[in-house]
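Examining the three-dimensional arrangement
In case you want the letters, here they are:
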Amino acid sequence: MTLAARRILIIGGGFSGMSAAIELRKLGAEVDLVEIDPGWRSYGAGISLGGATLRAFRTLGILEAFLAQGSATDGVHICLPHGVKVAELPTPRLAGPDVPGGGGIMRPVLARILGEATRAAGVNVFLGCTFTAIEQDAEGVEVGFTDGQRRRYELVIGADGLYSKVREAVFPNAPRPRYSGQAVWRAVLPRPAEIVTATMWMGPRVKPGVNPVSKTEMYLFVTEPRPTNDHVDPATFAQRLRELLADFPAPLLRQIREQIGEDSKIVFRPLEGLLMPQPWSSGRVVLIGDTVHATTPHLASGACIGIEDALVLAEELGRTADVAAALRAFEARRWERCRMVVENSARLGEIEVAGGDKEEHARIMRESLMALAQPI
Ligand SMILES: Cc1cc2nc3c(=O)[nH]c(=O)nc-3n(C[C@H](O)[C@H](O)[C@H](O)COP(=O)(O)OP(=O)(O)OC[C@H]3O[C@@H](n4cnc5c(N)ncnc54)[C@H](O)[C@@H]3O)c2cc1C
């Protein structure tokens, strides 16, 4: 079987890195994956997924596990602050006629599904480990590790996320992540019977939403404009989240607000973005996922484009014996789609922060979701 690189190292065991590992094992590559967190944990509440992500899950072979442990539904409901539904965004069924066009799942559950698939694929996983040095020559890459080992690879994939050390080492002049002026609050709550799919309430500048993550639970997210990225005392989280929902008279949101108390598990996260200009590779080191294109979550597609990177990279490496040609083809296929997600998500955030044109917001949402439905 043609394969541009047979000994491959992946640095970072997030959604993108694990997906790359699974796909490359299918092609017969020998894959090492190093993950800095000894517990391989995944933080945060729920994650929303569009049809393109479910299509990628089908390719990866984890769709059945997702359907069993997460929630798959059609359409996104858009409501006014007092609760009237004004629009329903279509979510085309991209993973097959029998699979709804979107869904949600708890992040740690998705991480566990992918982690199990990674190990089952025969990937060598090294936890609590990272690189200390990456040195390239014409034929390969020599990598030193924190456990004292040194190994040689034909390709290194940097998938270590927004604050990537691989990016720092290989592209010292790459742009830094940029704060967007918006933060998001998230909490996991029991799912009322009325919540059947992703639902958002469009306030003037604050946008709450919910999405089911299982048969019994949903997660709440609330975006808030915050001009500066200041520390927020966790002791104030519950009170602040309740304040943000105070201007929404929708009965369902009132009911949800009542459930937020001091013992609720609330996650607060300032939103940052990054779009690294091409090239995304240097010699035999290539970057994927948030490492090169971290998006704010307005299109719920950050994980999607990272996982798609992994599928496309594996496809291109499996088409030729020439690493440079494969990496060029990978970038050419990925650039426009990833740029669209990062830039359109940023624009949606700007409109929300400014209390801007709701029609422009709805148009960008619709056009972006349609663009994401295209084949990768
Ligand atoms: C608040 C918020 C909400 C979001 N909501 C959604 C959503 O609803 N839907 C969606 O599709 N996307 C969403 N996203 C985006 C999505 O979470 C990311 O795009 C996705 O997790 C990126 O995966 P990744 O594997 O590229 O990077 P990461 O998830 O950052 O994974 C990087 C991995 O590398 C490891 N690592 C870090 N440094 C090193 C090192 N030096 N050596 C070895 N390992 C290292 C980390 O521990 C981690 O396991 C959201 C993002 C945010 C911030």
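What you see as residue numbers is a count from 1 along each chain, following the sequence as written. Only residues with pLDDT of 70 or above have their local features reported here, since the model is predicted, and side-chain atom pairs are shown and tallied only from 80 upward, although totals for entire chains, interfaces and linings are computed over all residues. For side-chain calculations, the full set of non-hydrogen atoms in the structure is used, while hydrogens and water are omitted.

**Observations concerning empty space enclosed by the protein**
Definition in use: Only protein atoms enter the calculation, which uses a 1 Å grid: trapped sets of points that fit a 1.4 Å probe without letting it out are cavities, open sets showing protein on both sides within 12 Å along at least five of seven lines are pockets, and any residue with an atom within 4 Å of a point is a lining residue. Grid points are joined across faces, edges and corners, and a volume is the space filled by probe spheres set on the points. Under the DSSP-based scheme used, a helix requires at least four consecutive residues in state H or I and a strand at least two consecutive residues in state E, with every element numbered from the N terminus. For this classification, the nonpolar set comprises Ala, Val, Leu, Ile, Met, Phe, Trp, Tyr, Cys and Pro, the charged set comprises Asp, Glu, Lys and Arg, and every other residue, Gly included, is treated as polar.
By the definition in use, this model includes one cavity of 30 Å³ or more. Here the largest cavity is characterised by a volume of approximately 60 Å³. Lining of the largest cavity is provided by Met202, Gly203, Pro204, Arg205, Val206, Lys207, Ile351, Glu352, Lys358 and His361. Those elements that place two or more of their residues in the lining of the largest cavity are helix H9 (323-354) and helix H10 (358-372). Of the residues contributing to the lining of the largest cavity, the split by class is four nonpolar, two polar and four charged.

**Comments concerning the sheet that holds strand S4 (residues 71-73)**
For the record, the criterion: Any two strands between which DSSP finds at least two bridges are classified as paired. Angles here are taken between N-to-C directions and fall from 0 to 180 degrees, while the axes themselves are lines fitted to C-alpha atoms, restricted in helices to the stretch in contact. Between two residues, a contact is recorded if the distance between any of their heavy atoms is within 4.5 Å.
With respect to topology, three strands assemble into an open sheet ordered S3-S7-S4, the strand pairing being antiparallel. Two strands lie at the open edges of the sheet, namely strand S3 (46-50) and S4, each paired on one side alone. Pairwise comparison of adjacent strand axes, ignoring direction, gives a mean angle of 20 degrees for this sheet. Relative to strand S7 (residues 102-106), S4 runs antiparallel, the two sharing three bridges. Note on S7: the bridge partner recorded for Ser71 is Gly104. This element, helix H4 (residues 107-120), spans S3 and S7 of the sheet and lies at about 90 degrees to S7.

**Focus: the pairing of strand S17 (residues 266-275)**
Put simply, the test is: Exposed residues in this analysis have more than 50% of their type's maximum accessible area, buried residues have under 20%, and partly exposed residues fall in between, with area computed by a 1.4 Å probe over protein chains only.
Of all the 10 residues making up S17, seven are buried; the element is thus mostly covered by neighbouring parts of the structure. Relative to S17, strand S13 (residues 178-190) runs antiparallel, the two sharing seven bridges. Bridged to Val184 within S17 is Arg269.

**Remarks on the pattern of salt bridges**
To be explicit about the condition: For this analysis, a salt bridge means a side-chain nitrogen from Lys or Arg found within 4 Å of a carboxyl oxygen belonging to Asp or Glu.
All told, the structure shown has 27 salt bridges when counted by the stated rule. Between Glu168 and Lys165 there is a salt bridge, with the nearest N and O atoms lying 3.8 Å from each other. With Glu168 and Lys165 both in helix H5 (residues 165-170) and three residues apart, this pair spans about one turn of that helix. You can call Glu168 partly exposed: its relative accessible area is 40%. What emerges from the salt-bridge pattern is a single network uniting Glu135, Asp137, Glu142, Arg150 and Arg152.

**Some remarks on the side chain of Glu316**
One can find Glu316 in helix H8 (residues 302-317). When residues no more than four places from it in sequence are discounted, the contact partners of Glu316 are Ala326, Ala329, Phe330 and Arg333.

**Quick notes on the layout of surface pockets**
Computed from the structure, the second largest pocket encloses a volume of approximately 270 Å³. Contributing to the lining of the second largest pocket are 16 residues, with Arg178, Ser180, Gly273, Val342 and Ala346 lying nearest its centre. Per element, the largest residue contribution to the lining of the second largest pocket is six residues, and it comes from H9.

**Quick word on the sheet that holds strand S11 (residues 150-153)**
Strand order in the open sheet formed by three strands is S9-S10-S11, with antiparallel pairing between adjacent strands. What marks the edges here is a single partner per strand, and that holds for strand S9 (131-136) and S11. Taking the axes of each pair of neighbouring strands and ignoring which way they run, one obtains an average angle of 20 degrees across the sheet. Note that strand S10 (residues 141-145) and S11 share four bridges and pair antiparallel.

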